[in-house]
Amino acid sequence: MGTGHFFWVIFYFASLCSASLANNAKINFREKEKKVLDQILGAGKYDARIRPSGLNGTENLPTYVYVNMFLRSISKIDDYKMEYSVQLTFREQWTDERLKFDDIQGRLKYLTLTEANRVWMPDLFFSNEKEGHFHNIIMPNVYIRIFPNGSVLYSIRISLTLACPMNLKLYPLDRQICSLRMASYGWTTNDLVFLWKEGDPVQVVKNLHLPRFTLEKFLTDYCNSKTNTGEYSCLKVDLLFKREFSYYLIQIYIPCCMLVIVSWVSFWLDQGAVPARVSLGVTTLLTMATQTSGINASLPPVSYTKAIDVWTGVCLTFVFGALLEFALVNYASRSDMHKENMKKKRRDLEQASIDAASDLLDTDSNATFAMKPLVRHPGDPLALEKLRQCEVHMQAPKRPNCCKTWLSKFPTRSKRIDVISRITFPLVFALFNLVYWSTYLFRDEEDE
């Protein structure tokens with residue numbers, strides 16, 4: 001019994017000692033991390049104003065900075081201002097041999113800092129930036145990781161509003177390329193070079209949603225610039241956006257087609273219904289003009305003709321043409337009425353003259369007149385000349401023209417104009433649609 005009690009006492013003290021050693025080891029580890037930070041970043045030991053040496057510590061080579069980013073969201077693409085807003089996590093990685101430290105046999109993987117001014121930072125800026133800001137909720141969204149081999153990883157979450165020059169000739173059947181450009185502001189390529197990180201330098205969030213665009217693809221490239229002060233390293237990302245056409249089909253194209261078709265209703269109204277036809281033509285014309293002005297209000301004033309300008313211009317022309325058609329019908333109707341009145345007056349005058357002649361014959365029925373002979377002698381030259389002039393020339397019968405035969409069913413010119421317009425306007429509009437969609441919808445991407 002005494003031996004067992006002695007064994008449990010020894011086991012208890014051994015447990016206490018092991019716990020105490022573990023605690024001491026943990027405390028020593030944190031103290032070691034603090035010592036490493038003081039050792040590499042202490043006062044008088046590291047100068048953040050001096051850039052790191054080149055590859056393998058070579059002084060003559062530039063510092064290489066590898067860049068990658070994670071595209072979190074694209075909030076808007078503004079056609080009028082020609083800009084777009086994006087939120088991204090931006091990362092830079094480079095090697096600074098002055099920051100090497102002992103990893104304590106692999107137990108210290110990296111050191112984390114939240115103050116960017118403690119180490120040297122590349123002077124990168126976004127060349128096509130209009131506005132930008134950092135995120136500080138709840139804490140500043142930035143960190144710096146220092147690895148044992150001297151590698152430094154800088155990561156920050158930023159929101160940017162960037163310029164995006166657009167070519168709107170094919171709007172709204174267009175594709176736009178918006179770039180994100182990053183360059184060095186003060187260090188030339190002799191001192192600092194930006195490179196894309198190998199593998200996958202740009203990542204995009206999976207459920208990226210845009211209201212009127214679709215991100216088809218993105219391309220990374222280099223865009224070094226030369227000025228009178230030297231050559232500066234530059235990186236760019238080209239984002240290819242395709243405009244969603246369904247929105248414009250419902251909001252613009254279908255309403256315009258409906259307005260054009262409604263303007264054709266006046267062709268089927270009676271030519272005497274002047275108030276109905278005038279009000280219909282003017283209403284559709286004003287509605288189409290309002291639709292056109294609303295479309296142009298959301299787009300910048302450009303010097304070239306857009307695809308939507310062609311569509312709205314032709315639709316407005318068809319509506320205006322329907323209104324002018326009624327003016328022509330009204331003129332032809334009044335002209336037909338005037339001709340009919342003239343014919344009626346002429347018939348009345350002829351009837352009056354016939355009545356007067358019959359009355360004169362009745363009063364002078366007993367009078368005698370000297371009659372000239374109706375038949376001349378065979379040798380009379382005047383008779384032969386008259387016979388030559390009275391020759392009858394027989395012509396072959398012409399085939400009946402179907403169009404003229406069909407139009408002859410409508411006796412007045414005004415009615416014929418309406419009937420021709422009922423056929424001509426839809427046919428010409430259908431032909432325009434065929435040419436328009438084959439021109440803009442099936443154009444190659446190179447032409448765009």
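See above for the structure.
Report follows, based on the coordinates. (Residues numbered from 1 in each chain as written. Predicted model: local features only at pLDDT ≥ 70, side-chain atom pairs only at ≥ 80, totals over all residues. Heavy atoms only, no water.)

As a further point, take the sheet that holds strand E4 (residues 124-126). The antiparallel open sheet is built from four strands, whose spatial order is E4-E8-E14-E11. This sheet does not close on itself; its edge strands, each paired only once, are E4 and strand E11 (213-222). Along the sheet, successive strands turn relative to each other by an average axial angle of 20°, direction set aside. Bridge count between E11 and strand E14 (residues 234-243): nine bridges; the pairing is antiparallel. Bridge assignment links Tyr-222 to a residue of E14, and that residue is Leu-235. (Pairing = 2+ DSSP bridges. Helix = DSSP H or I, 4+ residues; strand = E, 2+ residues; numbered from the N terminus. Axes fitted to C-alpha atoms, helices over the stretch in contact; angles between N-to-C directions.)

On to the state of the cysteines. Under the counting rule described, the total for this entry stands at two disulfides. Across a sulfur-sulfur distance of 2.0 Å, Cys-164 and Cys-178 are joined as a disulfide pair. Note on the Cys-164 and Cys-178 pair: the S-S dihedral is about -80°, so by sign convention the disulfide is left-handed. Taken as a pair, Cys-164 in the loop between strand E7 (151-163) and strand E8 (175-184) and Cys-178 in strand E8 lie far apart in primary sequence, 14 residues in all. On the basis of relative accessibility, which here comes to 0%, the residue Cys-178 falls in the buried class. Disulfide partner of Cys-223: Cys-234, at an S-S distance of 2.0 Å. Between Cys-223 and Cys-234 the sulfur-sulfur dihedral comes to about -55°; the bridge is accordingly left-handed. Here the residue Cys-223 occupies a position in the loop between E11 and strand E12 (225-227), and Cys-234 occupies one in strand E14, the gap between them amounting to eleven residues. Accessibility expressed as a relative area gives 5% for Cys-234, which makes it buried. (Disulfide = S-S within 2.5 Å. Buried < 20%, exposed > 50% of the residue type's maximum accessible area, 1.4 Å probe, protein only.)

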